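Here is what each chain is made of, one letter per residue.
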Amino acid sequence: MYLACGMLVEARQVFEGMPDRTAVTWGIMMGGLVDRGRPRAALALFSNLWEEAGRGAGPRAVVVAVRAATAAASLQAGWQLHCCVAKMGACNNDDGNPYLSCALLDMYSKCERVDEARRVFNAMTPHQRSVVAWNSMLAAYVLHGRSEEALELYHDMCGSGVGMDQFTFSTMLGVFARLGLVEHAKQAHAGLIQRGLLLDVVGNTALVDLYCKWGRMEDARNVFERMPTRNLISWNALIAGYGYHGMGDKAIEIFERLIAEGVVPNHVTFLAVLNACRFSGLVDKGKRIFQLMTQNPRTKPRAMHYACVIELFGREGLLDEAYSMIRRAPFAPTANMWGALLTASRIHKNMHLARLAAEQLLAIEPEKINNYVILLNLYMNSGRRDDACRVLDTLKRKGLYVSDACSWVTVKRKDHRFFFKDNFHPQSSEICRRLDTLMKEIKEIGYDAEENELLPDIHSDDQKILRVYHSERLAIVFGLISTCPHTPLRITQSHRLCRDCHKVIKFVTKVTRQEIVVRDGSRFHHFKLGVCSCGDYW
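Each chain carries its own residue numbering, running from 1 in the direction its sequence is written. Residues qualify for local features only when their pLDDT is at least 70, as the model is predicted, and side-chain atom pairs are given and counted only at 80 or more; totals for whole chains, interfaces and linings, by contrast, use all residues. As a convention, hydrogens and water are excluded, and side-chain values are obtained from all of the structure's heavy atoms.

Looking at this model, I keep getting lost on the nonpolar core. Mind explaining?
What tends to happen in soluble globular proteins is that the nonpolar side chains get buried as a cluster. What we call a nonpolar core is a set of buried Ala, Val, Leu, Ile, Met, Phe, Trp, Tyr and Cys residues that are connected through their side-chain atoms within 4.5 Å. Exposure categories follow from relative accessible area, calculated using a 1.4 Å probe and restricted to protein chains: below 20% of the type maximum is buried, above 50% is exposed, and the middle band is partly exposed. One finds Met 137, Phe 176, Val 208 and Leu 238 to be the most contacted residues of the largest nonpolar core, which totals 140 residues. Where each domain starts and ends comes from a domain assignment, either automatic or drawn from a database. Viewed by domain, this core spans two of them, domain 1 (1–128) and domain 2 (302–403), each represented by three or more residues. Residues are treated as being in contact if the distance between any of their heavy atoms lies within 4.5 Å. Not counting residues within four places of it along the chain, the set of residues in contact with Val 208 comprises Ala 220, Val 223, Phe 224, Met 227, Ala 237 and Leu 238. Core analysis: the second largest hydrophobic core is formed by 30 residues, Met 439, Leu 474, Cys 498 and Ile 516 among them.

Structure below.
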């Protein structure tokens, strides 16, 4: 009672005055200290118990002590407690305490010893591996960014016969989102419905986020509307999703609904809705929302918000206003801000501002090759070959080069990866033949190749020939020959789409009547009947 009321001194007095104390009593006192933020005091108490009772301390008290070591982030104490467990033989067989093993597993995970956590898990008998144990190990992998291992363990769990719960699905939805496994996510979602399980707010938000990331905005909205409870992260995920897919008006609709329902937006909310205005070219609405931020001391705009507004102005050709935003910022301009101005200057061919932005950007990020590539193409497009040669010389001197672009498409639940001028795929001959045919078809309806766009590691004479075999084109053609007509294709691209490929894909959707969604290094592109959601600005 005293512990529940936060009266630790009184609780300790009663505890010390007891003539006899069982392991349960020690466990209650230690648990109260842990719950009240005194884990080291709990560990000291366990030390006293171990001196008095030794192996008779009991598994319950040890579980609490391991919780204390976890809360204190004390790996040393965790190791010592694991030795105590070994001496007690508390986890050696099917009769061992499964909670103790799970506590040790969680302790090693929180102390950044994932491999040791896995050893604890592997030492558990199949009978001890409850859904809690599986979930704890999955969470350990996810916490430390080891998504592939989490996926492998999940497959093992599916074959183990252990019943999954909503926490399993919540954890794995985040993994599927990171790895781009939208089909796995759909199966997990179906599994939840079949089992009659309700996802918590975290799991539902992960599902909204995943569907948004893979262009399934109707699915994302359906999940959002059916959520019994929502937090701010849920709202932010949907607003950001609409924004990245060029649905700015819907993003603003959700933002206004958020305000109307009394939810207080944060910096992430404003970033999401400003991004939506940026991607959709909604200048007046973007200005209004930015002004709304400046009026609230708690949401003063940060550099990332300034970068959004700069790119919003730049998209509409308001380069003077974009540059003015940089000059009026109450802090030193960041790389994102100069990058936004450089993108705008490139699109609108303002060489003066482009050169200024590029010089500032290169001073901040001298080793980032994308900055050099943009500047190189700016010079090429404006006929400044000498300046372009100087950029190439700088790249050679610094030893910088463009890494191989990679694109992948998922067909029948299997990922197919393609690289620049790739001929390793088993169907490469068929892919190249279909690509050549497709290029002839789009030329007949008006396609004309974009000139003067270079990659610094490819000689200009080879550009026209090799451009045809960019990885995204190979991935798209494979998707076309491997799926039914009118099946939407979803392509992931490691680099930013080049202008010529962007143009090609628009024409391909005209010829094939097939919708194509490309997720490149900067945003989503929804291609449909010759039009892209980005409005040719990316």
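Just to check I follow, could you spell out the domain arrangement of the chain for this structure?
By a widespread convention, an interface's size corresponds to the accessible area lost as its parts come together. Taken domain by domain, the chain comprises domain 1 (1–128), domain 2 (302–403) and domain 3 (406–532). With centres defined by C-alpha atoms, the gap from domain 2 to domain 3 works out at 27 Å.

Any chance you could explain the sheet that holds strand E3 (residues 489–493) here in plain terms?
Adjacent strands of a sheet pair through backbone hydrogen bonds, lying either parallel or antiparallel. What the six strands build is an open sheet, ordered E2-E1-E3-E4-E5-E6; its pairing is mixed. In the strand order of this sheet, the two ends are held by strand E2 (414–419) and strand E6 (531–532), each with one partner. Here, a strand pair is defined by DSSP locating no fewer than two bridges between the strands. Counting from the N terminus, the helices are the DSSP runs of H or I reaching at least four residues and the strands are the DSSP runs of E reaching at least two. When strand E5 (residues 524–528) meets E6, the two strands line up antiparallel, connected through two bridges. Pairing of Phe 527 across the sheet is with Cys 532, part of E6.

How should I be thinking about the UniProt feature "repeat: PPR" (unreviewed entry) in the chain in this particular structure?
UniProt positions are given in the numbering used here, feature names are shortened, and annotations may be inferred rather than shown by experiment. Those residues carrying the UniProt feature "repeat: PPR" (unreviewed entry) are residues 130–164, 165–199, 200–230 and 231–265 in this numbering. Taken end to end, residues 130–164 has its terminal C-alpha atoms 10 Å apart, with 77% of it in helix and 0% in strand.

What's the story with the environment of Ala 53 in this structure? I'm lost.
Position of Ala 53 relative to the elements: it lies in helix H3 (residues 39–53). Among the residues examined, Ala 53 registers a relative accessible area of 36% and is labelled partly exposed. Considering only alpha carbons, one finds Ala 53 and Cys 84, 31 residues apart in sequence, at a separation of 12 Å.

I would appreciate a short explanation of the pattern of salt bridges in the present structure.
Where charged atoms of side chains with opposite charge meet at close range, the side chains can pair. The salt bridge definition used is simple: a Lys or Arg side-chain nitrogen within 4 Å of an Asp or Glu carboxyl oxygen. Following the criterion strictly, the structure yields 20 salt bridges and no others. Across the salt bridge formed by Asp 249 and Lys 285, the nearest N and O atoms sit 3.5 Å from each other. Of this pair, Asp 249 sits in helix H15 (residues 248–260) while Lys 285 sits in helix H17 (residues 283–294); the two residues are 36 residues apart in sequence, bridging distant segments of the chain. Between Asp 500 and Arg 473 there is a salt bridge, and its shortest N-O distance comes to 2.6 Å. In this pair, Asp 500 is assigned in helix H27 (residues 499–512) and Arg 473 in helix H26 (residues 471–482), connecting sequence segments 27 residues apart. For the pair Asp 500 and Arg 473, one class covers both residues: buried.

Explain the confidence of the model for the chain here, please?
Do not read the predicted coordinates in detail wherever pLDDT is low. Per residue, pLDDT captures the predictor's confidence, and it can take any value from 0 to 100. For the chain, the average pLDDT comes to 86, and 93% of its residues sit at 70 or higher. Element-level pLDDT for the chain is lowest in helix H25 (residues 460–466), with a mean of 47, against a maximum mean of 96 in H15. Here residues 456–465 is a poorly scored stretch, pLDDT under 50, and it has 14 contacts once near neighbours within four places are set aside; other chains count.

Explanation requested: the packing of aromatic side chains in the structure shown.
The geometry of an aromatic ring pair is captured by two quantities: the separation of the ring centres and the angle between the planes. For Phe, Tyr and Trp, rings pair up if their centres lie within 6.5 Å, where Trp contributes its six-membered ring, and each pair is then called stacked (planes under 30 degrees apart), edge-to-face (over 60) or tilted (otherwise). Tallied over the full model, the rule gives eleven aromatic pairs. Aromatic side chains Phe 121 and Trp 134 sit 5.0 Å apart centroid to centroid with 75° between the ring planes, which places their arrangement in the edge-to-face category. On the criterion of sequence distance, the pair formed by Phe 121 in helix H7 (residues 114–123) and Trp 134 in helix H8 (residues 131–143) is long-range, its members being 13 residues apart. Aromatic ring contacts, followed pair by pair, group Phe 290, Tyr 306 and Phe 331 into a single cluster.

Looking at this structure, I do not really get unusual backbone geometry. What am I missing?
Phi is mostly negative for residues that are not glycine, and the peptide bonds are mostly trans. Of note in the backbone geometry, Glu 112 takes a positive phi value of approximately 65° without being a glycine. For Glu 112, the location among the structural elements is in the loop between helix H6 (98–110) and H7. Classification of Glu 112 by relative accessible area gives exposed; the value is 60%. Backbone geometry places His 486, a non-glycine residue, at a positive phi of 70°. Topologically, His 486 is positioned in the loop between H26 and E3.

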